[in-house]
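Listed below, chain by chain, are the residues.
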Amino acid sequence: MADVIKFSCNSLRSSSSSSMLTSLSSNFNSSQRAFPPFHGLQRKVLSVSDVSSVGCDFTSPIAFGPRKRFASSKMHATLTETEQPKWWERNAGPNMIDIHSTQEFLNALSQAGDKLVIVEFYGTWCASCRALFPKLCRTAVEHPEILFLKVNFDENKPMCKSLNVKVLPYFHFYRGADGLLDSFSCSLAKFQKIKDAIELHNTARCSIGPPRGIGDLTLESLSPPKEKQAESSAT
């Protein structure tokens, strides 16, 4: 193995450059005498005359032994995360609809005809609503003839208060001209109440007359009262 010490510099044209290299060479030779030679290691020192004949750049480092070059490669991994819908955003099928306003609620009831309509009032923060929801979805799949409406309490507070919804989850059962058939609160432990109500109200029958919907609930009844303008008295 050869250990080569290479001095690189610009073309040595001035006497000051030559004297600098001469001093550098003598200092190196003196340091070489201070250290014992290594066994099996051959040293080759370029003299000042050798260096002066070489035109090169003084920025090259002193190299000990051959330099190995390693090819570096970078791996870029792109992770694409598909955002999953939140639990209350999932629907069992076309017979489960999200209600976002009173107008949507009234339209869904009027368009349901003689179908049994089950309305669930829920809250996104309600742990009991979340626990019950998967079983409600399975019930919707088992009964494609029933229309399920999901009403977010926080998005429809005026309507929910008008319908006397005070606890969650809460359920309303509607059907055509019969209007509101049943209403009750329910949890996962008492889910049998929903099954019993479906068996009771989901019978083959024809209602006579237009759908009653939710009785006196209208958009006008939910709108805040207009402020009366101050009367101006002529003086």
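Residues numbered from 1 in each chain as written. Predicted model: local features only at pLDDT ≥ 70, side-chain atom pairs only at ≥ 80, totals over all residues. Heavy atoms only, no water.

Colleague: I tried to follow the sheet that holds strand β6 (residues 170–175) on my own but got confused; where do I start?
Modeller: Backbone hydrogen bonds are what pair the strands of a sheet, in a parallel or an antiparallel way. Reading across from one edge, β3-β5-β4-β6-β7 is the order of the five strands in this open sheet, with mixed pairing throughout. This sheet does not close on itself; its edge strands, each paired only once, are β3 (96–99) and β7 (179–185). Shown here is a sheet whose adjacent strand axes are inclined to one another by a mean of 20°, direction ignored. Pairing of strand β4 (residues 116–122) with strand β5 (residues 147–152) involves six bridges; the strand directions are parallel. (Pairing = 2+ DSSP bridges. Helix = DSSP H or I, 4+ residues; strand = E, 2+ residues; numbered from the N terminus. Axes fitted to C-alpha atoms, helices over the stretch in contact; angles between N-to-C directions.)

Colleague: Honestly, the pairing of β7 in this entry has me stumped. Any pointers?
Modeller: Looking at chain direction, β6 and β7 are connected through six bridges and run antiparallel. What sits directly across from H172, in β7, is S183.

Colleague: What should I look at first to understand unusual backbone geometry in this one?
Modeller: Peptide bonds are trans in most cases, and residues, glycine excluded, mostly fall at negative phi. Residue P169 is bonded to the preceding L168 through a cis peptide linkage, with omega at -10°. For P169, the location among the structural elements is in the loop between α5 (157–162) and β6. Of note in the backbone geometry, N164 takes a positive phi value of approximately 65° without being a glycine. Along the chain, the position of N164 falls in the loop between α5 and β6. The class of N164 is partly exposed, set by a relative accessible area of 46%. (Buried < 20%, exposed > 50% of the residue type's maximum accessible area, 1.4 Å probe, protein only.)

In short, geometric facts, not functional conclusions.
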